[in-house]
Amino acid sequence: MSKLSVPPLAELRKRRSAKWRTFPDDVLPLPVAEMDFPLAEPVARALHEAVDRSDTGYAAPTRDLADAVVGYARRTWDWTIDADHVCTVADVGIGVVEVLRRIVGPGDGVVISPPVYEPFAWWIREVGAHVVEAPLADGPLGPRLDLDALARAFAGHATAYLLCNPHNPLGLVHPREDLVALAELADRYGVHVLSDEIHAPLVLPGADFVPFLSVSDEARRWGLSFLSASKGWNLAGLKAATVITAHPAPKRYVDRLSPHSLYRTGHLGVIATVAAFNDGDAWLAEVLRLLDRNRELLDELLAKLLPDVRHRRPQAGFLAWLDFRSLGWGDDPAQHLLTTAKVALNSGNRYGPTGNGHARLNFACSPHTLIEALTRIATAR
Ligand SMILES: Cc1ncc(COP(=O)(O)O)c(C=O)c1O
């Protein structure tokens, strides 16, 4: 019996966040990457105490967050980070954009591997660079980085690569050898690797997360990691994240971030993130157990109710990438399902052309919601 129970739908619908306020009440919302679990108790306590102190000013220039990240990374992944190389930013998106601004010049290419988290392309365009695609390859063991495509992309005017590690929306945990090979390519062609590791705390049983900066000297020479507690502990609205480096060359870009970066970070976000990284292991372990069970349940439901929908079980996170192409619902099955089944998913075609006919489903919910969603979808066919 789980100690963490998801509140009933009527309670969840009282939340004011994007997941619960974007769609009307008759729609089951399974898109936005928020989790339905109650907050980790140490995080909730830290936030309550801050509110009780009326402690809602600016984030302070202390080492608390850096030290918490260092401790968590060492305990969890045996990854040694230097606290002096941890910089606080408001969120991963802002961190990536502000670092990219310092790396790319007008007209430079920045490489991504679709299907990938849609805002990667927005962030690249935001800094005036253009998107270069090196899609994931479909190997015998499933999708993985296409190192040949990456080599071709890096050879032609690319200055940076946005690595999604683990990879959203496929829940793909990149094997160490791919990351080593990627770092060699980065070194050969002089391409910076911005490794978005926001989903790393959510790697599920059966897979091991490999921090990009841990794989080689080349990775440290060219890499920057972006890590936060916002996916793992559901803190996205509180706005705190970190940029981590392990070599003076990429640290130069971080040192050139605005001295105001810290003050643009949420003070409550820092407080919650410190509590999550320092005291949130037990809660996270329980969440991973529940996500693992939901992952299993999703497999069973698909096999039983929607056997023509193709799906590869994710190795990380709470997002499932569903291939509806055999059902003839066109390029955007999520749109079809929103009207016919009253279930909201993310449209796969927004993750690049290889996402046509796919949709992304968030399974960080109760088993009951998952059963209801799949039943509605199966009935809509
Ligand atoms: C891969 C990835 N990066 C970044 C984000 C957003 O992070 P932030 O809110 O810290 O910008 C998400 C949110 O789902 C994500 O999946």
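Rules behind the numbers
- Residues numbered from 1 in each chain as written.
- Predicted model: local features only at pLDDT ≥ 70, side-chain atom pairs only at ≥ 80, totals over all residues.
- Heavy atoms only, no water.
- Domains from an automatic or database assignment.
- Contact = heavy atoms within 4.5 Å.
- Buried area = accessible area lost by both parts, 1.4 Å probe.
- Polar contact = N/O pair within 3.5 Å; in protein donor to acceptor, adjacent residues only side chain to side chain.
- Nonpolar A, V, L, I, M, F, W, Y, C, P; charged D, E, K, R; others polar.
- Pairing = 2+ DSSP bridges.
- Helix = DSSP H or I, 4+ residues; strand = E, 2+ residues; numbered from the N terminus.
- Buried < 20%, exposed > 50% of the residue type's maximum accessible area, 1.4 Å probe, protein only.
- Lys, Arg positive; Asp, Glu negative; His and termini not counted.
- Salt bridge = Lys/Arg side-chain N within 4 Å of Asp/Glu carboxyl O.

Moving on: the domain arrangement of the protein chain. In terms of domains, the protein chain is made up of domain 1 (9-40 + 281-380) and domain 2 (48-279). Look at where the C-alpha atoms of domain 1 and domain 2 centre, and you get two points 25 Å apart. Contact residues are listed per partner, giving 29 residues for domain 1 and 33 residues for domain 2. Taken together, both faces of the contact between domain 1 and domain 2 bury some 2,600 Å²; the carbon and sulfur share is 58%. Of all residues in domain 1, D281, Q315 and Y351 give up the largest surface area on contact with domain 2, accounting jointly for 24% of the area buried on that side. Where domain 1 touches domain 2, the interface holds 13 residue pairs in polar contact (both at pLDDT 80 or more). Considering only residue class, the side of domain 1 that touches domain 2 consists of 17 nonpolar, 4 polar and 8 charged.

Strand pairing in a sheet relies on backbone hydrogen bonds. The paired strands run either parallel or antiparallel. With respect to topology, 4 strands assemble into an open sheet ordered β11-β12-β15-β14, the strand pairing being antiparallel. Only two strands of the sheet have a single neighbouring strand rather than two, namely β11 (310-311) and β14 (346-347). Bridge count between β11 and strand β12 (residues 319-323): 2 bridges; the pairing is antiparallel. Bridged to H311 within β12 is L322.

With that settled, the discussion passes to the side chain of K231. Note on placement: K231 falls in the loop between β9 (223-227) and β10 (241-244). Here K231 sits buried without a salt bridge, and the closest side chain of opposite charge, E34, lies 7.5 Å off (N-O distance). Sequence-distant contacts of K231, that is, excluding residues within four places in its chain, are made with A33, M35, I198, H199, L202, A236 and F318.

A full pass over the atoms with the stated rule returns 25 salt bridges. For the salt bridge of E98 with R101, the shortest nitrogen-to-oxygen distance reads 3.1 Å. Here E98 pairs with R101, and both are found in helix α5 (residues 92-103), just 3 residues apart, close to one helical turn. For R101, a relative accessible area of 40% corresponds to the partly exposed category. Between R289 and E286 there is a salt bridge, with its nearest N and O atoms 3.2 Å apart. Placement of the pair is R289 and E286 together in helix α12 (residues 281-305), with a separation of 3 residues, close to one helical turn. Linked by salt bridges that have partners in common, E98, R101, R102 and E126 make up one network.

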